[in-house]
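Each chain, letter by letter, is given below.
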Amino acid sequence: MVLGHTFTFSDPEDAEQLVKFFRKEGISARIEPVSETSISIFIKGTYDNLFAYLDHLKNDLQKEADIQSEEDISYDDENTDLEEVQEIIKLIQLQREYAIEGLTGKNIGDIAYKAPESEEDTSELFSSMVAFMMKNRVLIDNNVVEYQDRALVYKEIKPVEELLFSSAVSSGLIPEEEDLKTYNISIIHKILAEVDYKVKTGPELIARIDFDRLKEELKCYDVSEDFILHAINSIIIKQEMVEHIMNILHVTKAGTIEELLEEVDKASTEIQKEQQIYISYKISPEFTNQVIEDLKKMEVIRIKGNKIKLTR
């Protein structure tokens, strides 16, 4: 099915609620749980050890870049790796400065961050907490502070030299086993496994959907404006595609699926819709075949053998 749409949620209750909405609108819908897994690679160590490894890596990559430049050879991968190393060095240097600032003059029991008493503006409260946690990530990761009574309190004061720093790296920057020993750093593999809930609608969506009602429904969930806009635009584009294909079937009197596929391919040129507005269609035969199947299920077209015709 290509004429339906798939809405993805992390919350199964949101998915179930949207299915109920569609069924009330006379649109078939079902939930398909889908596992999502990912892996991120981090390097970790004290600032001095991590900096030593990254500086060594930067020098090696710079030498390679200089040689390539002299030989007039361009290797984008190496240049990208060099830029990444330089950015990571800047990041851990900034984190070190924040850690020094956060530890200077502090004692065990001192308050590092306290939430405002008023909770009227929850978004501002959340933003201030996130800003603090991002700035002081190293202190939090090293368990220097802990949460107590709506506040983050210093539970331990460590020298900055003993704190562990970390950064995500791409595959080209992963240390070799020898580097791990030489620079006394570690690799961390962070594996994420979760379930997303995909609400898949039937092809009748494009014929029965009320966009205003759909927008109001989607605003009830924890989704972004982009999520809503993408869904609406996707459905509108599919409506345009179906209208285009059905118009070709009507105008050309194509009698078989093969003839319709040929006509759709021939019509993949600019078509003037209004003054100074043109639409250019490029529809693959595979997509057209799927549309034909969906229109058959909707009883918009009738297929007998290889013959095809509109039912209305």
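Before reading on, note that the structure itself is shown above.
This one's a predicted model, so the numbers in the text were calculated from it and none came from an experiment.

On to the overall build of the protein chain. Each helix and strand counted, the protein chain has 11 helices and 11 strands in total. For 312 residues, the compact-globule estimate of 2.2 N^0.38 gives 20 Å, and the C-alpha radius of gyration of the protein chain, at 29 Å, exceeds that figure by more than 25%. Dimensions of the protein chain along its principal axes, counting C-alpha atoms only, are 80 × 65 × 40 Å. Counting every position in the protein chain, which comprises 312 residues, the buried fraction comes to 35%. Across the protein chain, contacts joining residues at least 24 apart in sequence account for 74% of those joining residues at least 6 apart.

Attention shifts here to the sheet that holds strand β1 (residues 6-9). The sheet built from four strands is open, its strands ordered β1-β7-β2-β6 with antiparallel pairing. Strands at the two margins of the open sheet, each flanked by one partner only, are β1 and β6 (164-168). Between one strand and the next, the sheet's axes are offset by a mean angle of 35 degrees, whatever the strand orientation. Sheet topology places strand β2 (residues 29-46) next to β6; five bridges connect them, and they run antiparallel. Bridging across to β6, K44 finds its partner in S166.

Attention now moves to the pattern of salt bridges. If you walk through the whole model with that rule in mind, you get 10 salt bridges. The partner of E32 in a salt bridge is K200, and the shortest N-O contact between them spans 3.1 Å. Of this pair, E32 sits in strand β2 while K200 sits in strand β7 (residues 186-201); the two residues are 168 residues apart in sequence, bridging distant segments of the chain. On the basis of relative accessibility, which here comes to 25%, the residue K200 falls in the partly exposed class. One salt bridge connects R137 with D141, and the closest N-O pair in it is separated by 3.4 Å. Linking R137 with D141, this pair stays in helix α5 (residues 137-141), spanning four residues, or about one helical turn. Given a relative accessible area of 28%, R137 falls into the partly exposed group. D141 gets classed as partly exposed once you look at its relative accessible area, which sits at 46%. Connected through salt bridges with shared partners, the residues R30, E32 and K200 form a single ionic network.

The subject of this paragraph is a negative patch on the surface. A grouping of D48, E156, E161 and E162 is seen on the molecular surface, where their side chains present a negatively charged patch. The residue E156 is located in the loop between β5 (151-154) and β6 in this model.

Taken in spatial order, the three strands line up as β3-β5-β4 in an open sheet, and their pairing is antiparallel. Each edge of the open sheet is held by one strand with a lone partner, namely β3 (111-114) and β4 (145-148). Mean inter-strand twist for the sheet, computed between neighbouring axes without regard to direction, equals 25 degrees. Two elements, β3 and β5, share three bridges in a ladder whose sense is antiparallel. Residue pairing across strands places K114 opposite A151, the latter belonging to β5.

About the criteria used
Residues numbered from 1 in each chain as written. Predicted model: local features only at pLDDT ≥ 70, side-chain atom pairs only at ≥ 80, totals over all residues. Heavy atoms only, no water. Helix = DSSP H or I, 4+ residues; strand = E, 2+ residues; numbered from the N terminus. Rg over C-alpha atoms; globule rule 2.2 N^0.38 Å. Buried < 20%, exposed > 50% of the residue type's maximum accessible area, 1.4 Å probe, protein only. Contact = heavy atoms within 4.5 Å. Pairing = 2+ DSSP bridges. Axes fitted to C-alpha atoms, helices over the stretch in contact; angles between N-to-C directions. Salt bridge = Lys/Arg side-chain N within 4 Å of Asp/Glu carboxyl O. Patch = residues over 30% accessible without salt bridge, like charges linked within 9 Å, V, L, I, M, F, W, Y side chains within 5 Å. Areas by Shrake-Rupley, 256 points an atom, 1.4 Å probe, with all protein chains shown as cover. Lys, Arg positive; Asp, Glu negative; His and termini not counted. Charge placed at Lys NZ, Arg CZ, Asp CG, Glu CD.

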